[in-house]
Amino acid sequence: MSVSAKLVQAAFVIPPRVHLLDITGPAHVFYEAADYGAPLKLHFCNIHAQEHCIQSSSSLFLSNLINYNELNLQPGDVIFVPGLESSLLTNDGFLTSSRAFQYWLKKQYDNGVKICSVCTGAFLLAEAGLLNHKECTTHWKYTDRFQTRFPQTLLKSNRLFVKADNIYTSAGVSSGIDLALFMLEELFGSGFAAKIAKEIVVYIRRTESDPQISAFMQFRNHIDQRIHTVQDLLSQSLDKKLSITQLAAEVFMSPRNLTRLFRKTTQISIGDYLNNLRHERSVQMIADGYTMQAAAQSCGLKSTNQLRSIIKKQV
């Protein structure tokens, strides 16, 4: 495997009450890359330089963390700032205690180091002034709070991740994995990144333009198990044309009652819900290089004209 010979350091600077997947997701991507021969060295630091142990939001303790001031990062190296509990985002005591880290972070950026945030880690980048007049994103749940606190930022809602110069912000949780794979692609090429994605069983690579909230997760904020079952059947059988009668039989209802209850529960018709799923699946397949015909067949459609009509309607 041919990858760059230049050593790239990746520093994960961890705040208190950190969200574990925000750090372990990207860290595991980089670990696998190093295991495959990429010249990567990982460091784990505490946002409070003199402390060596912190408690995560899941109550798991992380210890033997190093002082970030001990690092000698070079242009092209990477810093990850993961998300943390929302109660700390506007906590004056915490923000004051992290000022030294913010100054250090800005200095690293000025020296050409790539700065990445996952989820609410974007708040710490913004507190350091790094996101002023720059496009960025954060978890969808905190966009209003973020925009109010940092009006000079160019916040992009419903984006998985955003790159602005040498600053990368991501939506949170699993999107940190997407961002880490994107950075591997920048560092070592798309073929290498695809190999790592396969190794960690992430077969559908999500890109910068993909939405945070997938159609496959929308309209499911309810507790009616019968409707959840119908939604599962639709999402898992897009290549088949299931009739309302077949769907109703699966949940022991009449077609009329199912149609009525589905709309009442989800605020959308079965047909429109199915077209949302078809739209997202087809757009992803076309982006991955599949033909319109293949995408149409995968979505249970008889022709590409039907697919074009769905795409046009959704747009």
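Each remark here, short or long, concerns the structure printed above.
Keep in mind the model is a prediction, meaning the values are calculated, not measured. (Residues numbered from 1 in each chain as written. Predicted model: local features only at pLDDT ≥ 70, side-chain atom pairs only at ≥ 80, totals over all residues. Heavy atoms only, no water.)

Before going further, it helps to spend a moment on the overall build of the chain. Check the secondary structure of the chain and you find 13 helices and 11 strands. Referenced to the eigenvectors of the C-alpha coordinate spread, the extents of the chain come out at roughly 65 × 45 × 35 Å. Across the 315 residues in the chain, those meeting the buried criterion constitute 50%. Carbon and sulfur atoms make up 51% of the accessible area of the chain, which totals about 15,400 Å². Counting 32 positive and 26 negative side-chain charges, the chain places the averaged centre of each group 9 Å from the other. (Helix = DSSP H or I, 4+ residues; strand = E, 2+ residues; numbered from the N terminus. Buried < 20%, exposed > 50% of the residue type's maximum accessible area, 1.4 Å probe, protein only. Areas by Shrake-Rupley, 256 points an atom, 1.4 Å probe, with all protein chains shown as cover. Lys, Arg positive; Asp, Glu negative; His and termini not counted. Charge placed at Lys NZ, Arg CZ, Asp CG, Glu CD.)

What follows deals with the nonpolar core. In summary, soluble globular proteins display a tendency toward joint burial of nonpolar side chains. With 36 residues, the main nonpolar core has V29, F30, L40, F80, L179, M183 and L184 as its most contacted residues. For this core, the secondary-structure elements that each account for two or more residues are β1 (8-14), α1 (20-35), β6 (78-81), β7 (114-118), α6 (175-188) and α7 (190-199). A per-element tally of this core places α6 first, with 8 residues. (Core = buried A, V, L, I, M, F, W, Y, C linked by side-chain atoms within 4.5 Å.)

Our focus in this paragraph is the environment of I54. Mapped onto the fold, I54 is located in strand β3 (residues 54-55). Overall, I54 belongs to the buried group, its relative accessible area being 5%. In the structure, I54 is positioned 94 residues away from T148 in sequence and 29 Å away in space, judged by C-alpha atoms. Excluding residues that lie within four positions of it along the chain, I54 makes contacts with I14, P15, P16, V18, N46, L60, F61, L62 and L65. (Contact = heavy atoms within 4.5 Å.)

Counting buried positions over the 5 residues of β7 gives 5, a clear majority of the element. Pairing between β6 and β7: 4 bridges, direction parallel. Across the sheet, residue V81 finds its bridge partner in β7, namely S117. In the sheet, β7 pairs with strand β11 (residues 167-170) via 4 bridges, with the strands oriented parallel. Among the inter-strand pairings, S117 is bridged to a residue of β11, identified as T169. (Pairing = 2+ DSSP bridges.)

Moving on, we get to the packing of α1 against α6. Put simply, α1 and α6 touch, their axes get as near as 7 Å, and they point 35° apart. The way α1 lies across α6 gives a crossing that is right-handed. Along its contact with α1, which presents G25, P26, V29, F30 and A33, the element α6 presents G176, I177, A180, L181, M183 and L184. Of the residues contributing to the contact of α1 with α6, the split by class is 9 nonpolar, 2 polar and no charged. (Axes fitted to C-alpha atoms, helices over the stretch in contact; angles between N-to-C directions. Left-handed = near helix turned anticlockwise from the far one by under 90°. Nonpolar A, V, L, I, M, F, W, Y, C, P; charged D, E, K, R; others polar.)

The next subject is the packing of aromatic side chains. All told, the structure shown has 15 aromatic pairs when counted by the stated rule. For the pair F12 and F30, a centre-to-centre distance of 6.4 Å together with 85° between the ring planes defines the contact as edge-to-face. With F12 in strand β1 and F30 in helix α1, the pair connects residues that are 18 residues apart, well separated along the chain. Here the two residues F12 and F30 agree in accessibility, since each one is buried. Ring centres of F30 and F80 lie 5.6 Å apart, and the angle between their planes is 85°; this geometry places the pair in the edge-to-face category. With F30 in helix α1 and F80 in strand β6, this pair connects stretches of sequence that are 50 residues apart. (Phe/Tyr/Trp six-rings, centres within 6.5 Å; stacked < 30°, edge-to-face > 60°.)

Per the counting criterion, the structure on display carries 9 salt bridges. A salt bridge links R99 to E127, with the shortest nitrogen-to-oxygen separation between them at 3.6 Å. Residue R99 is found in helix α3 (residues 99-110), and its partner E127 is found in helix α4 (residues 121-127); the two are separated by 28 residues along the sequence. Given a relative accessible area of 29%, R99 falls into the partly exposed group. A residue is classified by how much of its surface remains accessible, and E127, at 18% relative accessible area, is buried. Here the residues in one salt-bridge network are R99, E127 and R149, joined through shared partners. (Salt bridge = Lys/Arg side-chain N within 4 Å of Asp/Glu carboxyl O.)

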